[in-house]
Amino acid sequence: MIPRYQRIIFWSLVGGIALMAAFLLHGCQQAHKRLTALNDATPIAAPTNTNTEDVTLAVANDADASISPNADQVALPQDPSLRARALLDHLLSTYSLPGSAHPLQSGPAVDDVFLVNQSPAPNAAVVISDNAAPVPQSQLAIVNLHDSFVDRHPSGILTEALTIQSIIGTLHFAFPAIKQVRFLVNGQPHDTLAGHADLLRTYPAADTTSHPRPPQLPPDTPDATTDTSTDATHP
Amino acid sequence: MITVTPLKSYNQPKALNPPLKLIAATIFLAALALKAQQPPRIVVLLDPAHGGPDAGAHLSGTLLEKDLTLSLNSRLRAALAPNNFGLISTRDSDPTVPFLTDQRAEIANRTHPAACLTLHATSSGRGIHIVTSALPAPREAADLPSPHAPIPWDAAQSASIPQSLRLANELGVALLHARIPVLLTQGSIPPLDNLNCPAVAIEIAPLSFSKPASINDAAYQQRIVQAIAAGLSSWRAHNPPVVPGASPNTATGAAH
Ligand SMILES: [Zn+2]
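Residues numbered from 1 in each chain as written. Chains lettered and ligands numbered in written order. Predicted model: local features only at pLDDT ≥ 70, side-chain atom pairs only at ≥ 80, totals over all residues. Heavy atoms only, no water.

Novice: Break down the overall build of chain B for me, citing the residues and quoting the values.
Specialist: Check the secondary structure of chain B and you find five helices and six strands. For chain B, the N- to C-terminal ordering of α and β elements is α-β-α-β-α-β-β-α-β-β-α. Looking at chain B as a whole, 46% of its 256 residues qualify as buried. For chain B, long-range pairs separated by at least 24 residues make up 80% of all intrachain contacts whose partners lie at least 6 apart in sequence. Here chain B has roughly 13,200 Å² of accessible surface; of this, 62% comes from carbon and sulfur atoms. (Helix = DSSP H or I, 4+ residues; strand = E, 2+ residues; numbered from the N terminus. Buried < 20%, exposed > 50% of the residue type's maximum accessible area, 1.4 Å probe, protein only. Contact = heavy atoms within 4.5 Å. Areas by Shrake-Rupley, 256 points an atom, 1.4 Å probe, with all protein chains shown as cover.)

Structure follows, in C-alpha cells:
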C-alpha cells in the first residue's frame with residue numbers, strides 16, 4: 001500500500017510536468033510565429049476592396065550604380081501614410097527576391113511613413129493671378145525604418161546610397177507633393193543606415209533616376225573619347 | 001676656413017684635375033635639371049575610414065573594414081612618398097576611442113591639402129566605387145562665397161565640387177587603365193560634405209561578384225594602389241598647385 005503523502009507528491013509532480021509541457025509548447029509556437037513573420041517577404045496586406053494599381057518604382061542596380069524607373073502593379077490602401085508605407089514595403093521586398101540587382105535580406109523594413117504638411121516659405125508665396133490653380137501644399141515624409149532592416153542592411157557607401165535613393169525616388173514618383181524626406185530608426189534619429197549613408201540629414205525628394213557615366217579621358221589625352229551618350233542625371 | 005689638400009703628397013698628376021671638375025659640374029647640372037623636371041610637390045590627405053569601436057563593414061572571413069583601410073593607407077603612403085607627394089593621414093593606427101568624421105574633416109581643413117581621399121571597403125558590388133559629394137556645385141563664379149565669408153560646415157565641399165569631379169575622373173581613368181572595374185557616383189557620406197579640398201571617397205569592393213574573398217588579395221590591393229598613385233600623378237599634372245611649392249614641412253602628418 002502506497003502511503004497517501006507519496007500519492008499526493010506523485011500527482012503533484014505529474015501535474016507540474018503537464019503544465020511545463022504546455023508552457024514549452026506555447027513558447028515554441030510563439031517563436032515559430034516570430035521567425036515566420038521575419039522571413040515573410042511579402043508586403044503588408046492590402047484592404048480586400050482595393051484593386052491593384054500602376055506605380056513606378058525607382059529601382060537600384062548595384063552593377064552599374066543606377067536607379068531606373070520601373071512600372072509595377074501593387075494593391076495600396078487609400079490612406080496616404082499607409083499607402084506610402086505599403087509602397088516602400090513592396091519596393092524593399094522586391095530586393096530580397098532571388099536574382100535581385102540590389103540584394104537585401106528579407107524581413108520587416110518600414111514601420112511607418114509620416115506625412116507632414118509644410119507651410120511654404122514666406123518669400124515663395126507668389127500669387128500669379130486670382131484664378132490660378134491652387135499650389136499643392138508641400139509635404140515632408142518621415143520614413144521610420146525597422147531596426148532589424150538597418151541591422152541587416154549590407155554595409156557600404158554605394159549599396160546604402162542606392163537604398164536611400166531608391167526610397168526617395170519611389171516616394172517622389174508616387175507623391176509629387178513630398179518635397180523632403182527624413183529618416184528615423186525605431187522612432188529615433190539614427191546617424192547612418194549601415195555605417196555610411198547619412199540618416200540625420202533632410203533629403204530633397206527629387207527624381208533620383210541616374211545612370212552614372214564611366215570615367216572620361218581628359219581632352220588633352222591623344223585617345224580621348226568624346227562619347228557622352230551615357231551622360232548621367234544626378235539627383 | 002678652407003683646407004687645401006696638397007695633391008702632390010698623393011702623387012696624382014695635375015692633369016686629372018680639370019676633367020674631375022668637369023664631371024662634378026656635369027653631375028651638379030644633371031641633378032639641377034632632374035630637380036627642375038620633378039613634378040611640383042602637392043599634399044594629399046589620406047583618411048582611412050572607421051577605426052576604434054567603429055569597425056565598419058565585416059568583409060570576408062574575420063577581416064574588418066577598419067583594418068583594411070589602414071593597410072591601404074600604408075600601401076598608398078609607400079607608393080606616393082617616392083613620387084614627391086606630401087602625405088597626411090588622419091590616423092595611422094587603430095584608435096581606442098571613437099574617431100568622428102568631424103574630427104577628420106577638421107584635420108583636413110586645417111592642413112589645406114591639394115586632394116583628400118577617404119578610404120572605405122565593402123563586400124557589396126565589385127571593383128572600385130569613387131564617390132563625390134552630392135552637394136550642388138556652384139553654377140558660376142558669382143555663386144562662390146567671398147574669401148572672407150564664413151563657410152557653412154555642412155556645405156564646405158560645395159565650392160570644390162568641380163575639382164572633386166575632375167579628381168574622381170582622373171582616378172577612374174587610371175583604374176580603368178589597370179583593368180579594374182570602376183563606378184563614379186555621388187552620395188552624402190560624412191565627412192565629404194565638410195571638406196574644403198577636392199575630395200573623393202574611394203570604396204574598394206571585390207574584383208568580381210563571384211570572388212568575394214578577392215578583396216583580401218594583396219596583389220589586387222597593390223594594383224589598386226598603383227592605379228590610384230598613377231591617377232594622382234595625372235591629377236597633379238593637369239592641376240598644378242596654385243601656391244608654388246606646398247611646404248614639405250607641413251606634410252609630415254602621421255608618418256609611419
Ligand atoms: Zn566604410
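Next comes the rest of the account.
Novice: Run through the coordination of the zinc ion, naming residues and quoting values.
Specialist: Looking at the zinc ion, one finds its protein donor set to be His 196 of chain A (NE2), His 50 of chain B (NE2), Glu 65 of chain B (OE) and His 120 of chain B (ND1), positioned 1.9 to 2.1 Å from the metal centre. Coordination at the zinc ion is tetrahedral, judged from the four donor atoms that bind it and the angles of 104 to 131 degrees they form at the metal. One end of the pair, Glu 65 of chain B, is in helix H2 (residues 65-80); the other, His 120 of chain B, is in strand E3 (residues 115-121), with 55 residues separating them in the sequence. (Donors = N, O, S within 2.8 Å, 3.2 Å for Na, K, Ca; no water. Tetrahedral: all angles 85-135°; square planar, octahedral: opposite > 155°, others 65-115°.)

Novice: Lay out the pairing of E3 of chain B with the relevant residues and their values.
Specialist: All names here are of chain B. Most of E3 is tucked away: seven of the seven residues are buried. Burial along E3 is two-sided: the residues Ala 115, Leu 117, Leu 119 and Ala 121 and Cys 116, Thr 118 and His 120 are all buried. The pairing of strand E1 (residues 42-48) with E3 spans five bridges and is classified as parallel. Across the sheet, Asp 47 pairs through a bridge with Thr 118, a residue of E3. One ladder, built from six bridges, connects E3 with strand E6 (residues 199-204); its direction is parallel. Counterpart to His 120 in the pairing with E6 is Glu 203. (Pairing = 2+ DSSP bridges.)

Novice: Could you give an account of the sheet that holds E1 of chain B, with specific residues and numbers?
Specialist: Residue and element names in this part refer to chain B. Taken together, the six strands give an open sheet; going across it, the order is E2-E1-E3-E6-E4-E5, and neighbouring strands pair in mixed fashion. Unpaired on one side and paired on the other, strand E2 (85-89) and strand E5 (182-187) mark the two borders of the sheet. Strand after strand, the sheet turns through a mean of 25 degrees between neighbouring axes, direction not considered. (Axes fitted to C-alpha atoms, helices over the stretch in contact; angles between N-to-C directions.)

Novice: So what's going on with the confidence of the model for chain A? Which residues, and what values?
Specialist: Residue and element names in this part refer to chain A. Overall, the predicted model of chain A reaches an average pLDDT of 83, with 79% of residues at or above 70. Taken together, the stretch residues 123-130 has pLDDT below 50 and engages in zero contacts with residues farther than four places along the chain or on a different chain. Ignoring residues within four places in sequence, the model shows residues 222-235, a span with pLDDT below 50, making 20 contacts including any to other chains. (pLDDT = per-residue confidence, 0-100.)

Novice: Tell me about the pairing of E5 of chain B, and name the residues and values.
Specialist: Extensive coverage of E5 of chain B is indicated by the burial of six of its six residues. Here E5 of chain B shows a buried face lined by Val 182, Leu 184 and Gln 186 of chain B and a second buried face lined by Leu 183, Thr 185 and Gly 187 of chain B.

Novice: Report on the packing of helix H2 (residues 80-94) of chain A against helix H4 (residues 157-174) of chain A, specifying residues and quantitative values.
Specialist: Residues and elements named next belong to chain A. Where H2 meets H4, the closest approach of the two axes is 10 Å, and the angle between their N-to-C directions is 135 degrees. In terms of their interaxial angle, H2 and H4 are classed as oblique. Helix-helix and strand crossings are classified by hand; for H2 and H4 the assignment is right-handed. Contacts between H2 and H4 involve Ala 84, Leu 87, Leu 88, Leu 91 and Leu 92 from the first element and Thr 163, Ser 166, Ile 167, Thr 170, Leu 171 and Ala 174 from the second. Of the residues contributing to the contact of H2 with H4, the split by class is eight nonpolar, three polar and no charged. (Parallel < 35°, antiparallel > 145°, perpendicular 65-115°, else oblique. Left-handed = near helix turned anticlockwise from the far one by under 90°. Nonpolar A, V, L, I, M, F, W, Y, C, P; charged D, E, K, R; others polar.)

Novice: So what's going on with helix H4 (residues 161-177) of chain B? Which residues, and what values?
Specialist: Residue and element names in this part refer to chain B. For H4, built from 17 residues, the straight-helix expectation of 24 Å at 1.5 Å per residue is met to within 8% by its first-to-last C-alpha distance of 24 Å. All buried positions along H4 are accounted for by Ile 161, Ser 164, Leu 167, Ala 168, Asn 169, Glu 170, Leu 171, Gly 172, Val 173, Ala 174 and Leu 175. On its buried face, H4 sits against E3, strand E4 (128-133), E5, E6 and helix H5 (218-238). Positioned one or two residues after H4, Arg 179 has a phi angle of 60 degrees, which is positive. (Expected span 1.5 Å × (residues − 1).)

Novice: So what's going on with a nonpolar patch on the surface? Residues and values would help.
Specialist: A cluster of nonpolar residues, Tyr 5, Ile 9 and Leu 13 of chain A, forms a patch on the protein surface that exposes about 340 Å² of accessible area. On the secondary structure map, Ile 9 of chain A appears in helix H1 (residues 4-39). (Patch = residues over 30% accessible without salt bridge, like charges linked within 9 Å, V, L, I, M, F, W, Y side chains within 5 Å. Salt bridge = Lys/Arg side-chain N within 4 Å of Asp/Glu carboxyl O.)

Novice: If you had to explain H2 of chain A to someone new, which residues and values would you point to?
Specialist: All names here are of chain A. Its 15 residues give H2 an end-to-end C-alpha distance of 21 Å, which sits within 8% of 21 Å, the value for a rise of 1.5 Å per residue. Listed as buried for H2 are Arg 83, Ala 84, Ala 86, Leu 87, Leu 88, Asp 89, His 90, Leu 91, Leu 92 and Ser 93. Residues of H2 that are buried make contact with strand E1 (52-61), strand E2 (66-75), strand E3 (110-118), strand E4 (138-145), helix H3 (147-152) and H4. Regarding H2, its N-cap is Asp 79, as a side-chain oxygen of that residue lies 3.2 Å from the backbone nitrogen of Ser 81 further along. (Polar contact = N/O pair within 3.5 Å; in protein donor to acceptor, adjacent residues only side chain to side chain.)

Novice: Would you mind going over the packing of H4 of chain B against H5 of chain B in detail, with residue names and values included?
Specialist: Residue and element names in this part refer to chain B. Two numbers describe how H4 lies on H5: the axes approach to 8 Å, and their chain directions differ by 135 degrees. Classified by the angle their axes make, H4 and H5 are oblique. Note that H4 runs across H5; the crossing there is right-handed. Residues Gln 163, Arg 166, Leu 167, Glu 170, Leu 171, Ala 174 and Leu 175 of H4 touch H5, and the partners they reach there are Ile 224, Ala 227, Ile 228, Ala 230, Gly 231, Leu 232, Ser 234, Trp 235 and His 238. A per-class count over the contact of H4 with H5 returns ten nonpolar, four polar and two charged.

Novice: Hey, could you go over the interface of chain A and chain B for me, with residue numbers and the actual values?
Specialist: In this complex, chain A contributes 25 residues to the contact, which on the side of chain B involves 28 residues. Where chain A abuts chain B, roughly 2,100 Å² becomes buried across the two surfaces, and 63% of that area is made up of carbon and sulfur atoms. Scanning the region where chain A abuts chain B turns up zero salt bridges. At the boundary of chain A and chain B, one finds nine residue pairs in polar contact (both at pLDDT 80 or more). It is H4 of chain A that provides the largest number of residues to the side of chain A that touches chain B, a total of four residues. Class assignment for the residues of the side of chain A that touches chain B results in eleven nonpolar, eight polar and six charged. (Buried area = accessible area lost by both parts, 1.4 Å probe.)

Novice: If you had to explain the nonpolar core to someone new, which residues and values would you point to?
Specialist: Burial of nonpolar side chains together is a common tendency in soluble globular proteins. Formed by 42 residues in total, the largest nonpolar core has its most connected members in Leu 92, Leu 145, Leu 171, Val 181 and Phe 183 of chain A. When residues of this core are traced back to their parent elements, those giving at least two are E1, E2, H2, E3, E4, H3, H4 and strand E5 (178-185) of chain A. In contact with Leu 171 of chain A, not counting residues within four places along its chain, are Ala 84, Leu 88, Ala 141, Val 143, Ile 178 and Val 181 of chain A. Counting residues in hydrophobic clusters, the runner-up holds 38 residues, among them Ile 42, Leu 68, Phe 85 and Val 200 of chain B. (Core = buried A, V, L, I, M, F, W, Y, C linked by side-chain atoms within 4.5 Å.)

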